[in-house]
Amino acid sequence: MDISLAAIMSIVALAIVVIISCVNEDLNVGFLGIGFAILVGGLWGGTAAAKVMSYFPTSLFMILVGVTFLFGMAQTNGTMEKLTAYSVRLCKGNTALMPLIIFILTTFVTTIGPGNIAGTALMAPVAMAIATRIGMPAFLMTLLVVGAANGAAFSPFAPTGIISNGIIAKMAPQLGLTDLSGLAWKIHFNSEIAQGFVNIGGFFLLGGWAWIRKQRGEKLNIDELAPKPEPFNKHQWLTLAAVGVLIVLVVLPGLPAFKGVFPKTVMNLLSNVGSIAFILAGILMLTGSGDSKAAIKVMPWGVIMMVCGVTVLIEVMDKAGGLNAMVKMIGAISNPVTVNAWLGLITGVISAYSSSSGVVMPMFLPMVPGLIKEIGGGNPVAMISSINIGAHLVDTSPLSTLGALCIACAGEHEDKAKLFRNLLIWGLSMSVVGAIVCWVFFGILNL
């Protein structure tokens, strides 16, 4: 396989970025990726720095900023916290129902927009306090919370889903994909099924079923378990309405029954979830319902810049031929069925030590069109799902933000060293489990 010096150097630059992201969490490799992209493009690719800078994914950046800003206000004005508290009370003290309530609630909170990191940050303190109160091991509660958050992470309203859909939209013409709205929900559904299968299955097999059997008929005072919060104030009701409007305005235009219903001027405003989010965020600011300064502080700027920066480097790598070289390496050991297993395994191993959405997804998703050509076929949606799910199944590990949040919130009675060890074993094993699940679900069953 002939490979140019520019391609080699682009691969070396990406390898350095990935290695640094694995060993040093304090360095934002997005900025590093842009720097390397300028060097590789200028020194070996014959590309001017100004041209390299134009590769910055402005559209994706704006969508991420708009959505995370809106939900930053919903988080900092107490709306999400009260919504969570009221939802927990649905079990009415029936402890056996609590795992189901926690899983559904985490799924719902993540799906409507905050994303897997914010969803886990909201739910982990509540879930772990409840686990202590009802005698559920923190390990089992972590499987529920992280599994639900990651399963719902690819919602079109959530940051991870936006990242995935933004990259897919760019390569859609190469793949012949047209209905991107329907595709976004399909990828979200695939994630829910695979993550739910693994994490709920692990919950039952590793002690959850025995715990539920012991809890049958047990009741606790719901006011002690989850004290009733103050009613929503007018600003929080307006925030809930804004979130509801966001969901409706994103979903309806994509439904067949509503095709052509909205005039062109309205569709210009509803062009993507980010544009709607900016309008709604502006309303919350003007009505005093959201604190913009507080919202800006809780936005995931690090992840946003990681995604955008690595995307710039991947673009330079593609122009230099490095991406095609990596596609050929993976294609040499794959066929249209087994490629899903390899993608699940490789992304899982890298993601165990690196950022799933900030590094792994921008690195592997652009390979899909080339892989289909290289191996002579394959389902692009299956490959995309294998990359996304393989990268996120390992996030129960305490080396990830989600696993670390759950450990930090675990009750004082828990053996934190043992919990760390158990979650590390589970998380790292998910790279292999993820490969098998992706092979079966997306290779053999072709979901």
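Predicted model, so just to flag it, every value in this text is computed and none were measured.

Caption draft 1: Molecular detail of the packing of aromatic side chains. Tallying each qualifying case throughout the model produces 9 aromatic pairs. Ring centres of Phe197 and Phe441 lie 5.4 Å apart, and the angle between their planes is 55°; this geometry places the pair in the tilted category. Here Phe197, found in helix 10 (residues 180–215), pairs with Phe441, found in helix 23 (residues 416–444); they are 244 residues apart in sequence, far enough to count as distant. The structure contains a cluster of three or more aromatic residues connected by ring pairs, namely Tyr86, Phe232 and Trp237.

Caption draft 2: Quick look at the side chain of Glu315. For Glu315, the position within the fold is in helix 16 (residues 301–320). Filtering out sequence-adjacent residues up to four positions away, Glu315 remains in contact with Tyr55 and Lys170.

Caption draft 3: The arrangement of helix 16 in detail. Compared with an ideal rise of 1.5 Å per residue, which puts 20 residues at 28 Å, helix 16 spans 29 Å between its outermost C-alpha atoms and is within 8% of the ideal. With respect to burial, helix 16 is a largely interior element, 15 of its 20 residues being buried. Just downstream of helix 16 lies Gly321, where phi reads positive at about 95°.

Caption draft 4: Summary view of the UniProt feature "domain: Dicarboxylate carrier MatC N-terminal" (unreviewed entry) in the protein. UniProt annotation of "domain: Dicarboxylate carrier MatC N-terminal" (unreviewed entry) refers to residues 7–151 when read in the numbering used here. In residues 7–151, the share of helix is 79% and the share of strand is 0%. The end C-alpha atoms are 35 Å apart.

Caption draft 5: Seen up close, the environment of Ala417. On the secondary structure map, Ala417 appears in helix 23. Placed 10 residues apart in sequence, Ala417 and Ile407 show a C-alpha to C-alpha distance of 9.5 Å.

Caption draft 6: Structural context of a nonpolar patch on the surface. Residues Phe189, Ile193, Val337, Val432, Ile436, Trp439, Ile444, Leu445 and Leu447 make up a contiguous nonpolar surface patch of about 770 Å² in total accessible area. When contributions to the nonpolar patch are tallied by element, the ones reaching two or more residues are helix 10 and helix 23. Ranked by residues supplied to the nonpolar patch, first place goes to helix 23 with 4 residues. Among the secondary structure elements, Leu447 is positioned in the segment after helix 23.

Caption draft 7: Up close: the side chain of Thr311. Mapped onto the elements, Thr311 comes out in helix 16. Residue Thr311 is classed as buried on the basis of its relative accessible area of 12%. Within the local environment of Thr311, its side chain forms a polar contact with the backbone oxygen of Val307, the two atoms lying 2.6 Å apart. Ignoring anything within four residues of it in the chain, the contact list for Thr311 reads Pro57 and Pro362.

Caption draft 8: Fine view of the layout of surface pockets. Volume-wise, the largest pocket comes out at about 1200 Å³. Going through the elements one at a time, helix 4 (58–76), helix 9 (159–175), helix 10, helix 12 (234–251), helix 14 (273–286), helix 16, helix 17 (322–331) and helix 20 (368–375) are the ones with two or more residues in the lining of the largest pocket. At 9 residues, the largest contribution of residues to the lining of the largest pocket is made by helix 9. Its residues assigned to classes, the lining of the largest pocket shows 27 nonpolar, 12 polar and 8 charged. Reported here for the second largest pocket is a volume of approximately 1000 Å³. Contributing to the lining of the second largest pocket are 45 residues, with Ile117, Val303, Met306, Ser355 and Thr401 lying nearest its centre. Every element with two or more residues in the lining of the second largest pocket is listed here: helix 1 (5–23), helix 4, helix 7 (115–134), helix 9, helix 16, helix 19 (356–364) and helix 22 (401–409). In terms of residue class, the lining of the second largest pocket is made up of 23 nonpolar, 19 polar and 3 charged.

Caption draft 9: Just the nonpolar core, in detail. In terms of nonpolar packing, the biggest core is built from 133 residues, with Met141 and Phe364 touching the most fellow members. Among all residues touching Phe364, those that are not within four sequence positions of it are Ile330, Leu343, Ile346, Thr347, Ile350 and Ile387.

Caption draft 10: The arrangement of the packing of helix 4 against helix 16 in detail. The geometry of helix 4 relative to helix 16 is characterised by a closest axis approach of 10 Å and an angle of 165° between their N-to-C directions. One element, helix 4, and the other, helix 16, form an angle in the roughly antiparallel class. The element helix 4 and its partner helix 16 pack so that their crossing is right-handed. Of the residues in helix 16, those in contact with Leu60, Phe61, Leu64, Val65 and Thr68 of helix 4 are Trp301, Ile304, Met305, Val307 and Cys308.

Caption draft 11: Looking closely at the domain arrangement of the protein. Once the domains are mapped, the protein shows domain 1 (1–54 + 300–321), domain 2 (58–93 + 221–298) and domain 3 (107–204 + 334–446). Contacts between domain 1 and domain 2 engage 6 residues on the former and 7 residues on the latter. The largest share of the area that domain 1 buries against domain 2 comes from Pro300, Trp301 and Ile304, three residues that together contribute 71% of it. The interface formed by domain 1 and domain 2 holds 0 salt bridges in total. Looking at the side of domain 1 that touches domain 2 residue by residue, the class counts come to 6 nonpolar, no polar and no charged.

About the criteria used
Residues numbered from 1 in each chain as written. Predicted model: local features only at pLDDT ≥ 70, side-chain atom pairs only at ≥ 80, totals over all residues. Heavy atoms only, no water. Phe/Tyr/Trp six-rings, centres within 6.5 Å; stacked < 30°, edge-to-face > 60°. Helix = DSSP H or I, 4+ residues; strand = E, 2+ residues; numbered from the N terminus. Contact = heavy atoms within 4.5 Å. Expected span 1.5 Å × (residues − 1). Buried < 20%, exposed > 50% of the residue type's maximum accessible area, 1.4 Å probe, protein only. UniProt positions renumbered as here; feature names shortened; annotations may be inferred. Patch = residues over 30% accessible without salt bridge, like charges linked within 9 Å, V, L, I, M, F, W, Y side chains within 5 Å. Areas by Shrake-Rupley, 256 points an atom, 1.4 Å probe, with all protein chains shown as cover. Salt bridge = Lys/Arg side-chain N within 4 Å of Asp/Glu carboxyl O. Polar contact = N/O pair within 3.5 Å; in protein donor to acceptor, adjacent residues only side chain to side chain. 1 Å grid on protein atoms, 1.4 Å probe; cavity = no way out; pocket = protein on both sides within 12 Å on 5 of 7 lines; lining within 4 Å. Points joined across faces, edges and corners; volume = space filled by probe spheres on them. Nonpolar A, V, L, I, M, F, W, Y, C, P; charged D, E, K, R; others polar. Core = buried A, V, L, I, M, F, W, Y, C linked by side-chain atoms within 4.5 Å. Axes fitted to C-alpha atoms, helices over the stretch in contact; angles between N-to-C directions. Parallel < 35°, antiparallel > 145°, perpendicular 65-115°, else oblique. Left-handed = near helix turned anticlockwise from the far one by under 90°. Domains from an automatic or database assignment. Buried area = accessible area lost by both parts, 1.4 Å probe.

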